[in-house]
Amino acid sequence: MAALGWLTPRRRSATARSVLAGEASAEAARKSALADDLLDGPDFPAAAEAERAAQAEPEAPLELAGADEPEEPAEAEFPVAGDDLAAAFFDLDNTVMQGAAIFHFGRGLYKREFFRRRELARFAWQQAWFRLAGVEDPEHMQDARDSALSIVKGHKVSELMSIGEEIYDEYMAERIWPGTRALAQAHLDAGQKVWLVTAAPVETATIIARRLGLTGALGTVAESVDGVYTGRLVGEPLHGPAKAEAVRALAAAEGLDLARCAAYSDSHNDIPMLSLVGHPYAINPDTKLRKHARTNDWRLRDYRTGRKAVKIGVPAAAGVGAIAGGTAAAIALHRRRK
């Protein structure tokens, strides 16, 4: 959509549109989480347990390079059990999941004949770029969102939610990084809420969060009237400063102390969000984020190659996940080469 053409690769400050997007996302996330709590059904916990079992440590894990290096002292008692003023915020694309959720969603919609082969080719190119570069390109992400908005226009929200559940099983479930999943579980085990924060549609993000047993998700809010998508956004995509505004709004509504919260991301675009919290983590970081994290003594962890990245006080729960994460990456690469 031409209306989104102002989105550029440079880092931006918060604008009225990013604040609107963040507040809308926080409101949608809280409503969705409340609805899940009211349902109180057994299916969600069972599904989450199944996801964790599928991502269990392999019998023959890869050996971590650098395993003989001395361990730096871990942060004492983090996350702090029972700290109800703390929560964790996880970026989705390339942090929790390999690749970008919007591209996998587009692939699933094509399978269901929502659009033509030419549009699929564009989605495939964008996904290939994302995998090779390992970072978010705002121009590519914008183009993907524009395409998705035009595709879903006129469709019911309930229809896309139902299809999203199927697409998660088909294309996303096997792409979850076990190492990052272990970090999220550490927060859950400590009694803290865990939220995904992503530029992907909030409906898609909510499905992923629910299937992983997380609290909920902050995502881009597409406008709907009477349960039907209009093809427009509320504010702007939840990217860069808008993510920080969403976290800020949710923290205020939930009564959280951001200085006691943690945030995790792979992208330098999320530095505004990471800078909000007292415990920022660079996960599978791009070059700019890695440099920024080292300069500011932020914690780093890389699950993409099975090697141990620079570590500063990473929770012990991430150790097993790193091994599993490396195996998952190797399996994915093997499948792509077949």
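Coordinates for the structure precede this section.
Anyway, here's the lowdown on the structure attached to this text.

## Focus: helix α7 (residues 178–189)
Between the first and last C-alpha of α7 there are 16 Å, a value that for 12 residues agrees with the 16 Å anticipated at 1.5 Å per step. Among the 12 residues of α7, 10 are classified as buried, and the element is accordingly described as predominantly covered. Of the positions making up α7, those classed as buried are Pro178, Gly179, Thr180, Arg181, Ala182, Leu183, Ala184, Gln185, Ala186 and His187.

## Comments concerning the packing of helix α3 (residues 101–111) against helix α6 (residues 157–172)
Here α3 crosses α6 at 105°, and the two axes come no closer than 9 Å. By the angle class used here, α3 and α6 are roughly perpendicular. Every residue of α6 that contacts α3 at Ala101, His104, Phe105, Arg107, Gly108, Leu109 and Lys111 is listed here: Leu160, Ile163, Gly164, Ile167, Glu170, Tyr171 and Met172. For the contact of α3 with α6, the class distribution of residues is 8 nonpolar, 3 polar and 3 charged.

## Observations regarding the pattern of salt bridges
Using the criterion set out here, one finds 17 salt bridges in the structure. Among the ionic pairs, Arg112 bridges to Glu166, the shortest N-O distance being 3.0 Å. Here Arg112, found in the loop between α3 and α4 (117–133), pairs with Glu166, found in helix α6; they are 54 residues apart in sequence, far enough to count as distant. In this structure, the salt-bridge partner of Arg232 is Glu223, at a minimum N-O distance of 2.6 Å. The class for Arg232 is partly exposed, based on a relative accessible area of 45%. Several salt bridges share partner residues, and in doing so they unite Lys111, Arg112, Glu166 and Glu170 into one network.

## Quick notes on the pairing of strand β3 (residues 216–220)
Most of β3 sits out of view: 5 of its 5 residues are buried. Two strands pair when backbone bridges link them, and strand β2 (residues 193–201) and β3 are joined in this way by 4 bridges, in the parallel orientation. In the sheet register, Trp195 faces β3, and the bridge partner there is Gly216. The parallel pair β2 and β3 is bridged by helix α8 (residues 202–211), and the resulting crossover is right-handed.

## Focus on helix α9 (residues 241–254)
Helix length check: α9 (14 residues) gives 20 Å between terminal C-alpha atoms against 20 Å at 1.5 Å per residue, within 8%. Every buried residue of α9 is listed here: Pro241, Ala242, Lys243, Ala244, Glu245, Ala246, Val247, Leu250 and Ala251. Gly255 sits one or two positions beyond α9 and adopts a positive phi of about 70°.

## Observations regarding the sheet that holds strand β1 (residues 87–91)
Pairing is parallel across the open sheet formed by 6 strands, whose spatial order is β3-β2-β1-β6-β7-β8. For this open sheet the edge positions go to β3 and β8 (299–301), each flanked by a neighbour on one side alone. Between one strand axis and the next, the sheet turns through 20° on average, direction left out of account. In the packing of helix α11 (residues 287–295) onto the sheet, contacts are made with β6 (262–265), β7 (279–283) and β8, and the angle to β8 comes to roughly 140°.

## What about the nonpolar core?
Nonpolar side chains tend toward joint burial in soluble globular proteins. If you look at the biggest cluster of nonpolar residues, it comprises 43 residues, and the most contacted ones within it are Phe90, Leu109, Tyr168, Met172, Leu196, Ile208 and Tyr264. Considering every element that reaches this core, the biggest residue donor is α6, with 7 residues. Apart from residues no more than four positions distant in its own chain, Phe90 is found in contact with Val96, Thr180, Leu183, Ala184, His187, Val194, Trp195, Leu196, Val197 and Tyr264. Counting residues in hydrophobic clusters, the runner-up holds 30 residues, among them Ala29, Leu238, Leu258 and Leu289.

## Re unusual backbone geometry
A positive phi angle is found at Asn94, which is not glycine, with a value near 70°. Owing to a relative accessible area of 7%, Asn94 belongs among the buried residues under this scheme. The backbone phi angle of Asp226 is positive, close to 55°, even though this residue is not glycine. In this fold, Asp226 is placed in the loop between β4 (222–225) and β5 (228–233).

## Quick look at the pairing of β1
Within β1, 5 of the 5 residues are buried, which leaves it mostly tucked inside the rest of the structure. Two elements, β1 and β2, share 5 bridges in a ladder whose sense is parallel. Counted as the bridge partner of Phe90 is Leu196 from β2. In terms of strand pairing, β1 meets β6 through 3 bridges, oriented parallel. Note that in β6 the partner of Phe89 across the bridge is Ala263.

## Overview of the packing of α6 against α8
Where α6 meets α8, the closest approach of the two axes is 9 Å, and the angle between their N-to-C directions is 50°. In terms of axis orientation, α6 runs oblique to α8. Note that α6 runs across α8; the crossing there is right-handed. Packed against α6, whose contacting residues are Val157, Met161, Gly164, Glu165, Tyr168, Asp169 and Met172, the element α8 presents Glu203, Thr204, Ile207, Ile208, Arg210 and Arg211 at the interface. Looking at side-chain class alone, the contact of α6 with α8 contains 6 nonpolar, 2 polar and 5 charged residues.

## Topic: the packing of aromatic side chains
The relation between two aromatic rings is expressed through the spacing of the ring centres and the mutual angle of the planes. This model, assessed by the stated rule, comprises 3 aromatic pairs. Consider the rings of Phe78 and Tyr281, whose centres lie 6.2 Å apart with planes at 15°: the pair is stacked. Here Tyr281 lies in strand β7 and Phe78 lies in the loop between α2 (43–54) and β1, a separation of 203 residues in the sequence. Like Phe78, the residue Tyr281 is buried in the burial classification. Ring centres of Phe90 and Tyr264 lie 4.1 Å apart, and the angle between their planes is 5°; this geometry places the pair in the stacked category. Of the two residues, Phe90 is situated in strand β1 and Tyr264 in strand β6; the sequence distance between them amounts to 174 residues. Classification of Phe90 as buried rests on a relative accessible area of 1%. Exposure remark for Tyr264: the relative accessible area of 0% places this residue in the buried category. What links up through ring pairs into an aromatic cluster is the set Phe78, Phe90, Tyr264 and Tyr281.

What counts and how
- Residues numbered from 1 in each chain as written.
- Predicted model: local features only at pLDDT ≥ 70, side-chain atom pairs only at ≥ 80, totals over all residues.
- Heavy atoms only, no water.
- Helix = DSSP H or I, 4+ residues; strand = E, 2+ residues; numbered from the N terminus.
- Expected span 1.5 Å × (residues − 1).
- Buried < 20%, exposed > 50% of the residue type's maximum accessible area, 1.4 Å probe, protein only.
- Axes fitted to C-alpha atoms, helices over the stretch in contact; angles between N-to-C directions.
- Parallel < 35°, antiparallel > 145°, perpendicular 65-115°, else oblique.
- Contact = heavy atoms within 4.5 Å.
- Nonpolar A, V, L, I, M, F, W, Y, C, P; charged D, E, K, R; others polar.
- Salt bridge = Lys/Arg side-chain N within 4 Å of Asp/Glu carboxyl O.
- Pairing = 2+ DSSP bridges.
- Right-handed = clockwise from strand over helix to strand, strands pointing away.
- Core = buried A, V, L, I, M, F, W, Y, C linked by side-chain atoms within 4.5 Å.
- Left-handed = near helix turned anticlockwise from the far one by under 90°.
- Phe/Tyr/Trp six-rings, centres within 6.5 Å; stacked < 30°, edge-to-face > 60°.

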